[in-house]
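Single-letter residue listing:
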Number of protein chains: 4
Amino acid sequence: MISFESDYTTGAHPRILQRLVETNMEVQPGYGSDDYCKAASDKIRNACDCPEAEVFFLTGGTQTNAMVISSMLQKYEGVIAAKTGHISLHEAGAIENTGHKVLELPQSEGKLDASVLEQYIKQFYQDDNHEHMVFPGMVYISYPTEYGTLYTKEELTKLYAVCREYHIPLFIDGARLGYGLMSRTGSMSLPDIARLCDVFYIGGTKVGALCGEAVVFTKNNKPKYFLTLVKRQGALLAKGRLIGIQFDTLFTDNLYFDISKHAIDMAEKLKEIIREKGYRFYLESPTNQQFVILDNEKLEPLKKQVRFGFWEKLGNKHTVVRFATSWSTTEEDLEYLRDVL
Amino acid sequence: MISFESDYTTGAHPRILQRLVETNMEVQPGYGSDDYCKAASDKIRNACDCPEAEVFFLTGGTQTNAMVISSMLQKYEGVIAAKTGHISLHEAGAIENTGHKVLELPQSEGKLDASVLEQYIKQFYQDDNHEHMVFPGMVYISYPTEYGTLYTKEELTKLYAVCREYHIPLFIDGARLGYGLMSRTGSMSLPDIARLCDVFYIGGTKVGALCGEAVVFTKNNKPKYFLTLVKRQGALLAKGRLIGIQFDTLFTDNLYFDISKHAIDMAEKLKEIIREKGYRFYLESPTNQQFVILDNEKLEPLKKQVRFGFWEKLGNKHTVVRFATSWSTTEEDLEYLRDVL
Amino acid sequence: MISFESDYTTGAHPRILQRLVETNMEVQPGYGSDDYCKAASDKIRNACDCPEAEVFFLTGGTQTNAMVISSMLQKYEGVIAAKTGHISLHEAGAIENTGHKVLELPQSEGKLDASVLEQYIKQFYQDDNHEHMVFPGMVYISYPTEYGTLYTKEELTKLYAVCREYHIPLFIDGARLGYGLMSRTGSMSLPDIARLCDVFYIGGTKVGALCGEAVVFTKNNKPKYFLTLVKRQGALLAKGRLIGIQFDTLFTDNLYFDISKHAIDMAEKLKEIIREKGYRFYLESPTNQQFVILDNEKLEPLKKQVRFGFWEKLGNKHTVVRFATSWSTTEEDLEYLRDVL
Amino acid sequence: MISFESDYTTGAHPRILQRLVETNMEVQPGYGSDDYCKAASDKIRNACDCPEAEVFFLTGGTQTNAMVISSMLQKYEGVIAAKTGHISLHEAGAIENTGHKVLELPQSEGKLDASVLEQYIKQFYQDDNHEHMVFPGMVYISYPTEYGTLYTKEELTKLYAVCREYHIPLFIDGARLGYGLMSRTGSMSLPDIARLCDVFYIGGTKVGALCGEAVVFTKNNKPKYFLTLVKRQGALLAKGRLIGIQFDTLFTDNLYFDISKHAIDMAEKLKEIIREKGYRFYLESPTNQQFVILDNEKLEPLKKQVRFGFWEKLGNKHTVVRFATSWSTTEEDLEYLRDVL
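Given the structure is predicted, the values throughout are model-derived calculations rather than measurements. (Residues numbered from 1 in each chain as written. Chains lettered and ligands numbered in written order. Predicted model: local features only at pLDDT ≥ 70, side-chain atom pairs only at ≥ 80, totals over all residues. Heavy atoms only, no water.)

## Concerning the overall build of chain A
Move 1: Within chain A one finds 13 helices and eleven strands.
Move 2: Residues classed as buried in chain A amount to 66% of the 341 residues present.
Move 3: For chain A, the exposed area adds up to about 11800 Å²; of that, 47% sits on carbon and sulfur atoms.
Move 4: Where the 38 positive side-chain charges of chain A centre and where its 45 negative ones centre are 3 Å apart. (Helix = DSSP H or I, 4+ residues; strand = E, 2+ residues; numbered from the N terminus. Buried < 20%, exposed > 50% of the residue type's maximum accessible area, 1.4 Å probe, protein only. Areas by Shrake-Rupley, 256 points an atom, 1.4 Å probe, with all protein chains shown as cover. Lys, Arg positive; Asp, Glu negative; His and termini not counted. Charge placed at Lys NZ, Arg CZ, Asp CG, Glu CD.)

Structural data, given as C-alpha cells:
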C-alpha cells in the first residue's frame, strides 16, 4: 500500500547502499576511527562553514537527544523544551532516564518563544527558593518542529541571544534538518544553524539513511571523553563505518540537500492536492510533514487505501492526521493519493 | 524576630524531647527494628483503622516522595502530579533523579480534578504511539495541597475511583497531613485517608517533630525489600529509634491531632487579623498556610518587622506572600502581627 | 594492512548487503514491526528449537547487555559476572549507569565456576546483614568468554542448576556465539544454549552483520513493555528492518553457522602457524580469538606489518596480544601472517 | 541485655539532648542556614586547622558517601575502593544507584596500599582500550577501616601522593573518625586528616550523636550548588538545626574527642578481657571494633547472654564476631562481659 505514514518507511538512498557495497571488504578500525567517519566529519564541518566543529556519529534520534543532553548538563540542571517537544512527549522518558528533568514551556505551533523563555529563566533566578528547584541548564528546540514548522532566522537569533545572556547552551534537534533547510519559506542555511546554537544534529534516519545522526558541537564544546560517555550509554557502534559511510555519501555532491529538496517539492504538491480536494490543514507547515483535519467518518475508509499517521483528536467529530513525504516519495504516490482522496 | 515563614522554624514538641531524654540510654537495635518504631507503627495502624497497614519511617518529605515513587513505579512509568505539585517544582528534580518523569497536569488551587485525570489516562491508551511515551504509573497528590487547600471527600473518592479503574496507585503526600485533618472545613479523617489511597505519609517535620515522616502502605503493597531500597537511596537511619520515638509520642494521647488543631486555631485568628487589616487573600485556604496579597511597596518595610515567605509576583504591583502557623505559634505571635500590619 | 585486530574490521557478509539492496524500496513499518524482523524471529525460534522464544533486535553488544540486565533486575539487585566479564571491565560502566552493581566473582580462563557461584549466593543469604547488600539478581556469562574459552555442556548445566535453585536468571552474552557453536571442541548446539539459560543474545556485529544482536528470551520472560524500555534507553531503531533483514539473511541457508565455521577453520590454521613459528599461547582457545605471548622487543616491529590487539602485559618482558579471525579472514591473510611472523 | 553489637545502640550523649532542649523554641531558618550549623562549621574549621574548609551536614553515612562521590565524579568516572570497603559491600549499591561503578582493589586488613593503587591507575592509562573502561575518578578509604585498622601517617601520605600525582581526589569516610583519632597507636590528628585528603567526613551517628555526619571539603572544592544536589538526592533536612546543634555540642569543650577516647579506653579493657579469657583476635585492631574468633559451638550460648555482631565464617569450625565499644560503654558492661565469657 502507498504510504505517507512517515519519512522512515523505505530503506536508504541507493547511492548509500552502493557505497556500502563498494567499501565492504576494506579493513577499517572500529568505534568511529575509520576513514569514512573522518571524511564525513570534514565534509560536514565544511558544509557548516565551521572549521572548529567537532562531529560525532550516533545511531538514532532519541539516543542522540539523551546523549547530548545528559553529557552537557550538570546534575542540578534540567533541559527546557516546548511541551510538544519530542523529548517531552515521545521518547518514553529517555531524558529522565539519565536523571534530568525536562522543563516544559508553553509553545505556539511547536515553537518556543524567546520572550517566554527569558521570562522563565528570569523568574527562576528571582525565586528565593530556586536552589530547591531544577536549574535551567540547556534549551532544546527542533528544526523543523514536531509540527513541521520553522523558526525564522530572527526568531532563532532572539532565542539564542537569550541563551547566551544566561550562559545556557542551545541544542537543536535536526532529525528532519534537511527538510527545514530546503523548505521554500525557510530562511536558514546550514552555516546559520551552526552559528546560532551550541550543538545540533543532522538527521540521517529520516533523510535517506538506514540509520544515523551526526552531532555537531560548534563552539569547541564537545564533552570530555564523549566516546566513553557514548559507550557507557550503550550507544557506541563497533562498526562506526556504517554511519560514517552514509554521511560521507550524503555530504558528497549535495546529496543531503537534493533529496531534502525533492521531499519538499513532493510536499508542496501534496498540499495542492489536499487543498484541491477541500480538506483543511491543522496548521500551515512549510516542510515535509502535513497535518490535515479529517472528518471522523472518513478516517476508516481512507485508512484502507493509503497509510498515514494518527496525530490527535480534534473535538468530537474530527481527527488530525499526518501525511509525510520523504526523499523516496514519487509523483506516482501523489497521483495515487489524489485518486483516493 | 517573630516568624510566620514556615512550619519548621522551631524545634520539636516538648513531649518529644522529653521522651528522647527518657529513653536515651536504652539499648535498641538499629535500622528501624527498635521497640519504638514497632510501637509507633501499631499506634498508626490503629489511628488509621487499618490493621493490615505497613508503616516505614523516613527522614524528610522529598526523600519520602522519591522513595515511595521510585519503589512503586515500573521503569517504563512516570508519576502524574499537578503542575504545582511539590514533586513537580520544589524538589530539585529528585523524582527525575530516580529515572522517572513527573507527568504534569493542569490544576485548580493546587488540586487535580478527577475528570482531567481520567481524560489524560484515556487519551494515553488511545494514542497509537503510547508505547513510545511514559506510562502513567502512579498519581501523586498532596493533602493539604501546596496552596493549603483540601480535597473534599467526594473529590478524593472520585479521584481514587479513576485510579482504581486504571490500576494506578494513588499516593498522598501528607507533609502537613495533621493540618488538613484538623481543618474546620476538612471532612476527612485519618481512616478516610488510609482507605482512599494506596500509600500516603504522615508528616512529622512540619507537624511538631525534629524530623521524620511515616509512610503508610495501606493495601498490602509495601515494595519487596523496601529496607534495602531505602538503604540504596542512602535514606536508612542507623538510629531508627530517633523517628520511632517521635511518632510514638505524636500518636500517644492524641498529640498529633491536638497540636495540629492548635495550628488551625491560630490560622483562623491570623485570617481574621489579615481580613480586619484590609488585606486580600490570594485564595481561600482552610489550613495553616495563608497566601496574602501585598502591595509591592509594603513588602520591604514589613519584612523588617516579621518573617514570612515569598510566594510569587502577581502582576507588576503586587506580591503573594505566605504566612504559616504551626503547633508552636502563640497568641502573642498573632498580637505582634496585628500590631505590625 | 592485513588485520587480525578484531572480528569487526570489515563490513557485512555480501549476501546481507545484497538483501538490503533488494528490499530497499519496500515500504515497511518502523520500530521492529516490519516483515523482516518477523521472519528473522521465526527462523531464530526454529533454529533454537524453542517455539515459545521471544526475539528482540538491538544494535550492539553493550547496549544489549545494559538493556537485558536493567530490564530484568529488580532495583535491589545486581548482576553476578566474572571479574574478566565484558560488563565488568570493558563497557565503561554501562551497567552501573542503569543503577545496578556488577558483583564480580573470581574466574578461571574467563569462566565462572558453578561451585564458586553457589558458595557466593549461599553466603549472601546466610549473612545477617544481607538486606544491606546488593542482592544477586542475575548471572551473566559469555559464550565464548572474553578469553575465547567455552563452557562445556556439563559446566553450563551445573551453572544453570545453581541459578534455577536460587531463582536467579542466567543470561548468556553471545556476542561471538557462532564462533562458540562451531568450535571443533564445542559440545553445544543453539538449542542447548536456548535450553540452558533464561535469556541470551546471538551476536551479529562480530559475526558478519553491519550491526545488530538478536536477544532471545527463552522462558516466556520478556520484560513487560520491553519496546518502551528500549526506547527509553535510546536503543530503538526507527528502521528496525535494518537488523531484521540482516538476521533474516544470517538465518537463511545456514549462513550464520557456515561463516562461523569458516572463522573457526581460519583460527585453527592460525594456531598452527603460530605454533609452527614457536610462539606460545597465553591459554588454549578453541574459538576465533587467539591469545599469543610476544617478547616485548618483537612487539613494535610486528605492529608495522600486521594489525593485532593489545591484551595485557605479562611480567616485564612479555605482552599478551590477540589475533582474531572472522567470517572474512582469508587463506591469503594467513599466508601473509606466516610470512611476517 | 548488655550489648557490644555496634556503636549505635544507645541514643545521644546527654549534653547533646540538653542543647536540643535548651534551643528548642528558638526560631531558626531551615535547610542548614541556622546559627548552629554556622557555629558548628566554624568550630570544625578550627579543629581542622583549615580556615578555608567548607562544611556541610548530612544525616547518615551511606547518604554521605553517595552524595560526596556522586557530586565529585564525572559521568565517565568511578570510585576506587578496597573490596572490603563499606561502599563496596554494605551500602546496598548506593553508589551504583547514582550511576557510578565502585572499582574494587585488593586490600590488606581493610587498607588500600599506595603501590597497588598506583599500579592500577598506571595500567589503566597504559591500556589502549581505556576509553572503553570506567575512569578512576576518586579514591575512597575509611579511617578507621571496616576492620578497625588505621593507616599510619606515612601510609596515608603515600596514598595521597599517588592521588595528587594523578589528579584524583581522595575521600576519607570517617564514620568512626573519633575512634581513629583517639586510638592509642594512631598517629594522626584532625588537621593531619584535613591536610591529607580532599574531602572527608566526621561521623556523628556512631560517635555520640542521634544522627548526622559533617562533610568537610578541605581544598576549596565543594561542588557547585551542593545544596541543590543534596535536595535532589532527598538528603536535605528542613530542620538543619538538628544536626547543627549536635555538632556544635560535639565540638565544644573537646566533647567529640573525649567521648571517642572513652570508647578507646573501654576497647583496650575489652581486649584485655578477651585475651585473658583465651580467645584469639582475627586481627589486631587499635580502635573500638574488635574482631574475635569464636568456636561455632560457643556462639549460640554466648548470644543468649550478650549481644555482639556476626562478621563472617572462618573455615568450618569458627566464626569471626565483632565486639564494639562506644562513647556509652561502661565499666559495668565490661565486667558483665568478663563474667559471661
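On we go from here.
## Focus on the interface of chain D and chain C
Move 1: Listed per partner, the contact involves 18 residues of chain D and 18 residues of chain C.
Move 2: Here chain D and chain C share an interface that buries about 1800 Å² over both sides, 49% of which is from carbon and sulfur atoms.
Move 3: Taken as a group, D:Glu96, D:Lys101 and D:Phe310 account for 28% of the area that chain D buries against chain C, more than any other trio of residues on that side.
Move 4: Where chain D touches chain C, the interface holds four salt bridges.
Move 5: The partner of C:Glu96 in a salt bridge is D:Lys101, and the shortest N-O contact between them spans 3.0 Å.
Move 6: The tally of links between chain D and chain C comes to ten residue pairs in polar contact (both at pLDDT 80 or more).
Move 7: Class assignment for the residues of the side of chain D that touches chain C results in six nonpolar, seven polar and five charged. (Contact = heavy atoms within 4.5 Å. Buried area = accessible area lost by both parts, 1.4 Å probe. Salt bridge = Lys/Arg side-chain N within 4 Å of Asp/Glu carboxyl O. Polar contact = N/O pair within 3.5 Å; in protein donor to acceptor, adjacent residues only side chain to side chain. Nonpolar A, V, L, I, M, F, W, Y, C, P; charged D, E, K, R; others polar.)

## Some points on the packing of aromatic side chains
Move 1: Per the counting criterion, the structure on display carries 88 aromatic pairs over all chains.
Move 2: Centre to centre, the rings of B:Tyr76 and C:Tyr225 are 4.9 Å apart; their planes meet at 70°, and the pair counts as edge-to-face. Note that B:Tyr76 is positioned in the loop between helix H3 (61-72) and strand E2 (77-82) and C:Tyr225 in the loop between strand E7 (213-217) and helix H9 (226-232), a pairing that runs across two chains.
Move 3: Assessed through its relative accessible area of 26%, C:Tyr225 is described here as partly exposed.
Move 4: Judged by centre distance (6.4 Å) and plane angle (40°), the ring pair of B:Phe171 and B:Tyr201 falls under tilted. Here the residue B:Phe171 occupies a position in strand E5 (residues 170-173), and B:Tyr201 occupies one in strand E6 (residues 199-203), the gap between them amounting to 30 residues. When sorted by exposure, B:Phe171 lands in the same class as B:Tyr201, which is buried.
Move 5: Each residue in the set A:Phe57, A:Phe247, A:Phe251, A:Tyr256 and A:Phe257 is aromatic and connected to the rest through ring pairs, giving one cluster.
Move 6: The positively charged end of A:Lys111 is found above the aromatic ring belonging to A:Tyr151, 5.8 Å away from the centroid. (Phe/Tyr/Trp six-rings, centres within 6.5 Å; stacked < 30°, edge-to-face > 60°. Lys NZ or Arg CZ within 6 Å of the ring centre and 35° of its normal.)

## A short note on the relation of the copies chain D and chain C
Here the two chain copies are tied together by a rotation about an axis and a shift along that axis.
Move 1: Turning chain D through 180° and shifting it by 0.0 Å along the axis lays it on chain C, with an RMSD of 0.0 Å. Interpreted geometrically, this transformation is the action of a two-fold axis.
Move 2: The residues that chain D uses at the interface reappear at the interface of chain C in 100% of cases, marking a shared surface. (Least-squares fit on C-alpha atoms with pLDDT ≥ 70 in both.)

## Comments concerning the interface of chain C and chain A
Move 1: Residue-level contacts link 45 residues of chain C with 47 residues of chain A.
Move 2: For the pair chain C and chain A, the summed buried surface comes to about 3900 Å²; carbon and sulfur atoms form 59% of the total.
Move 3: When the area that chain C buries against chain A is broken down by residue, the three leading residues are C:Tyr8, C:Arg232 and C:Lys239, summing to 17%.
Move 4: Applying the counting criterion to the chain C and chain A interface returns zero salt bridges.
Move 5: Inspection of the chain C/chain A interface yields 24 residue pairs in polar contact (both at pLDDT 80 or more).
Move 6: Broken down by secondary-structure element, the contributors of at least two residues to the side of chain C that touches chain A are helix H1 (14-22), helix H3 (61-72), H9 and helix H10 (241-250) of chain C.
Move 7: Counting residues per element, the side of chain C that touches chain A draws most heavily on H1(C), at four residues.
Move 8: Looking at side-chain class alone, the side of chain C that touches chain A contains 19 nonpolar, 19 polar and seven charged residues.

## Description of the confidence of the model for chain A
Move 1: Looking at chain A, pLDDT values average 97 and 100% of them are 70 or higher.
Move 2: Reported confidence for the predicted complex is 0.97 by ipTM and 0.97 by pTM. (pLDDT = per-residue confidence, 0-100.)

## Digging into the side chain of C:His100
Move 1: In this fold, C:His100 is placed in the loop between helix H4 (86-89) and strand E3 (102-105).
Move 2: A polar atom in the side chain of C:His100 sits 2.8 Å from the backbone oxygen of C:Glu77.
Move 3: If near-sequence neighbours (up to four positions away) are discounted, C:His100 is found in contact with B:Lys75, C:Ser70, C:Leu73, C:Gln74, C:Lys75, C:Glu77, C:Ile95 and D:Glu96.

## Quick look at empty space enclosed by the protein
Move 1: Scanning the model with the defined rule gives 14 cavities of 30 Å³ or more in all.
Move 2: Of the volumes computed, that of the largest cavity is approximately 870 Å³.
Move 3: Every residue lining the largest cavity is counted, 46 residues in all, and those nearest its centre are A:Asn97, A:Thr98, B:Asn97, C:Asn97 and D:Asn97.
Move 4: Looking at the lining of the largest cavity, the elements with two or more residues in it are helix H3 (61-72) and helix H9 (226-232) of chain A, H3 and helix H9 (226-232) of chain B, H3 and H9 of chain C together with helix H3 (61-72) and helix H9 (226-232) of chain D.
Move 5: Of the residues assigned to the lining of the largest cavity, the class counts are eight nonpolar, 27 polar and eleven charged.
Move 6: Here the second largest cavity is characterised by a volume of approximately 370 Å³.
Move 7: Around the second largest cavity, the lining is made up of 33 residues, and of these A:Gly61, A:Thr62, A:His86, A:Tyr201 and A:Lys206 lie nearest the centre.
Move 8: Those elements giving two or more residues to the lining of the second largest cavity turn out to be H3 and strand E4 (135-142) of chain A.
Move 9: Split by residue class, the lining of the second largest cavity holds eleven nonpolar, 14 polar and eight charged. (1 Å grid on protein atoms, 1.4 Å probe; cavity = no way out; pocket = protein on both sides within 12 Å on 5 of 7 lines; lining within 4 Å. Points joined across faces, edges and corners; volume = space filled by probe spheres on them.)

## Comments concerning the state of the cysteines
Here a disulfide denotes one covalent bond, and it connects the sulfur atoms of two cysteines.
Move 1: Under the defined criterion, the tally for this structure stands at zero disulfides over all chains.
Move 2: In this structure C:Cys211 is a free cysteine whose sulfur lies 5.6 Å from that of A:Cys211, the closest cysteine sulfur available. (Disulfide = S-S within 2.5 Å.)

## Notes on the relation of the copies chain C and chain A
Move 1: It takes a turn of 180° to lay chain C on chain A, together with a shift of 0.0 Å along the axis; the resulting RMSD is 0.0 Å.
Move 2: A symmetric contact is evident, with 100% of the interface residues of chain C recurring at the interface of chain A.

## A word on helix H5 (residues 114-126) of chain D
Residue and element names in this part refer to chain D.
Move 1: Taking 1.5 Å per residue, 13 residues should reach 18 Å; H5 reaches 18 Å between its end C-alpha atoms and fits that length.
Move 2: Where H5 is concerned, the buried positions are Ala114, Leu117, Ile121 and Phe124. For H5, the buried positions fall inside an angular range of 100° around the axis, keeping them on one side.
Move 3: Where H5 is buried, its residues touch strand E2 (77-82), strand E3 (102-105), strand E4 (135-142) and helix H6 (153-165). (Expected span 1.5 Å × (residues − 1). Arc of directions from axis to C-beta.)

## Side note on the side chain of C:Thr287
Move 1: With respect to the helices and strands, the residue C:Thr287 is situated in the loop between strand E8 (280-281) and strand E9 (289-295).
Move 2: Beyond its immediate chain neighbours, meaning those up to four positions away, C:Thr287 contacts C:Pro144, C:Gly148, C:Leu150, C:Tyr179, C:Gly180, C:Ser183, C:Ile264 and C:Ala267.

## Quick notes on the pattern of salt bridges
All names here are of chain D.
Move 1: According to the stated counting rule, one finds 76 salt bridges over all chains in the structure shown.
Move 2: The closest approach of N and O atoms between Asp192 and Arg195, which form a salt bridge, is 3.0 Å. Of this pair, Asp192 and Arg195 both sit in helix H8 (residues 190-195), separated by three residues, roughly a single helical turn.
Move 3: Judged by relative accessible area, which is 11%, Asp192 ranks as buried.

## Side note on the sheet that holds E7(C)
All names here are of chain C.
Move 1: In space, the seven strands of this open sheet follow the order E1-E7-E6-E5-E4-E2-E3, with mixed pairing throughout. Single-partner strands in this sheet number two, and they are strand E1 (54-58) and E3. Pairs of neighbouring strands in the sheet enclose a mean axial angle of 25°, with direction left out of account.
Move 2: Relative to E1, helix H2 (residues 35-47) is tilted by about 125°, and along the sheet it contacts E1, strand E6 (199-203) and E7.
Move 3: Sheet strands touched by H10: E1, E6 and E7. Its angle to E1, the strand with the most contacts, is close to 120°. (Pairing = 2+ DSSP bridges. Axes fitted to C-alpha atoms, helices over the stretch in contact; angles between N-to-C directions.)

## Considering the sheet that holds strand E8 (residues 280-281) of chain B
Residues and elements named next belong to chain B.
Move 1: Read from one edge of the open sheet, four strands run E8-E9-E11-E10, paired in antiparallel fashion. At either end of the open sheet lies a strand with only one pairing partner, and these are E8 and strand E10 (309-314).
Move 2: Alignment of E10 against strand E11 (residues 318-324), held across five bridges, turns out to be antiparallel. Residue pairing in the sheet places Glu312 in a bridge with Val320 of E11.
Move 3: Packing against the sheet, helix H11 (residues 255-276) makes contact with E8, strand E9 (289-295) and E11, and its axis sits at approximately 15° to E9.

## Here's the deal with helix H13 (residues 331-340) of chain C
Residues and elements named next belong to chain C.
Move 1: Among the residues of H13, Asp333, Leu334, Leu337 and Val340 are the ones counted as buried. For H13, the angular spread of the buried residues around the axis is 125°, confining them to a single face. In H13, the exposed residues that point more than 90 degrees away from the buried face are Glu332 and Asp339.
Move 2: The inward-facing, buried residues of H13 abut helix H11 (255-276), helix H12 (296-303) and strand E11 (318-324).

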